[in-house]
Every structure is written in C-alpha cells, then in structure tokens.
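# Architecture and fold: a report
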Amino acid sequence: TRSTRPQRMLKAVQKNATKGNPESVISAIDYFCKNSEWAMNVGDEKGSILDSVVTEVNPSTVLELGTYCGYSTVRIARLLSPGTKLITLEFNPAYAAVARQIIAYAGLQDKVTLVEGPSSELIPQIKERFGITTFDFIFLDHWKDRYLPDIKLFEECGLLRKGSVLLADNVICPGTPEYLEYVRNSPHYESRYYPAHLEYTKVEDGLEKSVFLG
Ligand SMILES: Nc1ncnc2c1ncn2[C@@H]1O[C@H](/C=C/CNC(=O)c2cc([N+](=O)[O-])cc(O)c2O)[C@@H](O)[C@H]1O
Ligand SMILES: [Mg+2]
C-alpha cells in the first residue's frame, strides 16, 4: 500500500539529515515541506519564536500536546538543559511510530517521553505516572478545539504554577477562537500574541504566549 506523508517525511530525514544532529533533522523536514509535501509542523518561522520562548523560560518540566511527527519535539528537546526531559502526548499510533524514529534519529530519545493516548485521559494521570508537580512550559499544537478544555484540565489538575508558560500554535490559522478569548480575558493569565505565518506559507498565523498568574 502507498506510504503515508509522515513515512515519506521520515525517509527524507533518513536520507538528508545527519544522525545525532538535531539541526540537520529540523532542516531536512523544513526542506521536505517546502519542496515536496506541505505538512503541519510548526515550521521554521514560528519554530524560531518557539526556540526563543523555550530558551527564555529554560524549563525543567515540559509538556507538548500533539507530537505528530516530532518536529517541534526535536526543536524543544535540543534546547533543554542536561537532565531535563519533555513529555509529549500523541494519540495516533502511526504518527507516534514515525515521531519516535525522527526523535531517535536526532539523538534526543533520552530527553523525550512520548506517551500514546488522548490528552483528556493522560493529563489527569501525569502527576502520579511521571512524578511531576507542575509544568514550567507547555506547547499546545493538537486539535484546535482541544486547547480550551485542556487548559482547564491543567488548572483542575493543579499542573500550573505562578509563572507557568503556555505557548499555543495556530491561534489564527486554523484558529482557536474560544481558547484565545479565554486566555486574553481571564484574570489568571497574562497573554501576548507573536505574529508570524502559517508554516511554509504566506497566510497569517501566530503563537499566543500565556503566563499563568496563579
Ligand atoms: N487530544 C489529543 N491527544 C493527543 N494527541 C492529539 C490530540 N488531538 C490531536 N492529537 C494529535 O495531534 C496532532 C494534531 C494536530 C492538529 N493540527 C492541526 O490541525 C494543524 C493544522 C494546520 N493547518 O491546517 O494549516 C496547521 C497546523 O500548524 C496545525 O497544527 C496529530 O498528530 C493528532 O494525532
Ligand atoms: Mg500547528
């Protein structure tokens, strides 16, 4: 049967990137998406903003929602200080299988815990399963209608502390209007929009950074 786009993306990484070199994996995926097939990775422009926020926060505990092929997982994990690991949630087993191989190709498997399953089920289990009390940094890039219910789940499960940073992809395109309205109007968050473009296109999109105020 015909291969899937994630499988073709993995082949492009194995062909064009250098094993153990995260930068070359990122470049190989961006090249694939610009020259072969568009794919819903955060991309290079928004990826640079992601890099700067991760560097600024320098988090000890990190959560990503929506691994997909692991592009943003690699971007984040490559910046974490030694001994820090990130947890990434992905409920599609086929995507998770590709992501594990791309993360391993980058040599970052020891800095990543990929958990297969839906965020709604996994978020309430995180404290006991991974010994995490609160997250310093959370990257949201899964189904757009899950952003709002999942941020409320973070609050209910006590996974946020004063200063926790949430960074959300696609707040303009495809758009997450309910989430934006919530974080921009809630007295419990200080929110800021980073304008950019939808990955590999000229369409407007951007990232919303929201700091939990307690
Ligand atoms: N509740 C959940 N728990 C765990 N994993 C979950 C989940 N919901 C979705 N996922 C996974 O997260 C990824 C979905 C991303 C949706 N992004 C998108 O739909 C998207 C679309 C465009 N676009 O259309 O231009 C551009 C973008 O940057 C995008 O992120 C997929 O890998 C999916 O399996
Ligand atoms: Mg996205």
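Our subject is the structure that appears above.
Everything in this summary refers to the structure shown in the same document.

## Thoughts on the pairing of strand E4 (residues 137-140)
Covered by surrounding structure in E4 are Phe-137 and Phe-139 together with Ile-138 and Leu-140, the residues of both alternating faces. Looking at chain direction, strand E1 (residues 61-65) and E4 are connected through four bridges and run parallel. Paired with Leu-65 across the strands is Leu-140, a residue of E4. Where E4 meets strand E5 (residues 165-168), four bridges bridge the pair, whose relative direction is parallel.

## Let's talk about the site of ligand 1
Close to ligand 1 lie 21 residues; Glu-90, Asp-141, Lys-144, Asn-170 and Glu-199 are nearest. At 3.2 Å, a side-chain N or O of Asp-169 approaches an oxygen atom of ligand 1. Considering ligand 1 on its own, with 690 Å² of exposed area, one finds that the protein chains cover 89% of that surface. The cavity that encloses ligand 1 is the largest pocket.

## With respect to the packing of aromatic side chains
One pass over the structure, following the stated rule, counts five aromatic pairs. Relative to Tyr-95, the ring of Tyr-68 has its centre 5.1 Å away and its plane inclined at 90 degrees; by these criteria the two rings are edge-to-face. Of this pair, Tyr-68 sits in the loop between E1 and helix H4 (71-77) while Tyr-95 sits in helix H5 (residues 93-105), and the two are 27 residues apart along the sequence. On the basis of relative accessibility, which here comes to 11%, the residue Tyr-68 falls in the buried class. Judged by relative accessible area, Tyr-95 falls into the partly exposed class, the value being 26%. With a centroid separation of 6.4 Å and 65 degrees between ring planes, the pair formed by Phe-91 and Trp-143 is classed as edge-to-face. Separated by 52 residues along the polypeptide, Phe-91 in the loop between strand E2 (85-90) and H5 and Trp-143 in the loop between E4 and helix H8 (147-156) bring together distant segments of the chain. With a relative accessible area of 47%, Phe-91 lands in the partly exposed category. Under the relative-accessibility criterion, Trp-143 is labelled partly exposed at 49%.

## A short note on helix H3 (residues 43-57)
For H3, with 15 residues, the first-to-last C-alpha span of 20 Å sits near the 21 Å given by 1.5 Å per residue. Buried within H3 we find Gly-43, Lys-46, Gly-47, Ile-49, Leu-50, Asp-51, Val-53 and Val-54. Residues of H3 that are buried sit in contact with helix H2 (22-35), H4, E4, E5, strand E6 (189-197) and strand E7 (204-212). Looking one or two residues past H3, Asn-58 carries a phi angle of roughly 45 degrees, positive in sign.

Conventions used here
- Residues numbered from 1 in each chain as written.
- Chains lettered and ligands numbered in written order.
- Predicted model: local features only at pLDDT ≥ 70, side-chain atom pairs only at ≥ 80, totals over all residues.
- Heavy atoms only, no water.
- Buried < 20%, exposed > 50% of the residue type's maximum accessible area, 1.4 Å probe, protein only.
- Helix = DSSP H or I, 4+ residues; strand = E, 2+ residues; numbered from the N terminus.
- Pairing = 2+ DSSP bridges.
- Near = heavy atom within 4 Å.
- Polar contact = N/O pair within 3.5 Å; in protein donor to acceptor, adjacent residues only side chain to side chain.
- Areas by Shrake-Rupley, 256 points an atom, 1.4 Å probe, with all protein chains shown as cover.
- 1 Å grid on protein atoms, 1.4 Å probe; cavity = no way out; pocket = protein on both sides within 12 Å on 5 of 7 lines; lining within 4 Å.
- Sits in = over half its atoms within 2 Å of the grid points.
- Phe/Tyr/Trp six-rings, centres within 6.5 Å; stacked < 30°, edge-to-face > 60°.
- Expected span 1.5 Å × (residues − 1).
- Contact = heavy atoms within 4.5 Å.

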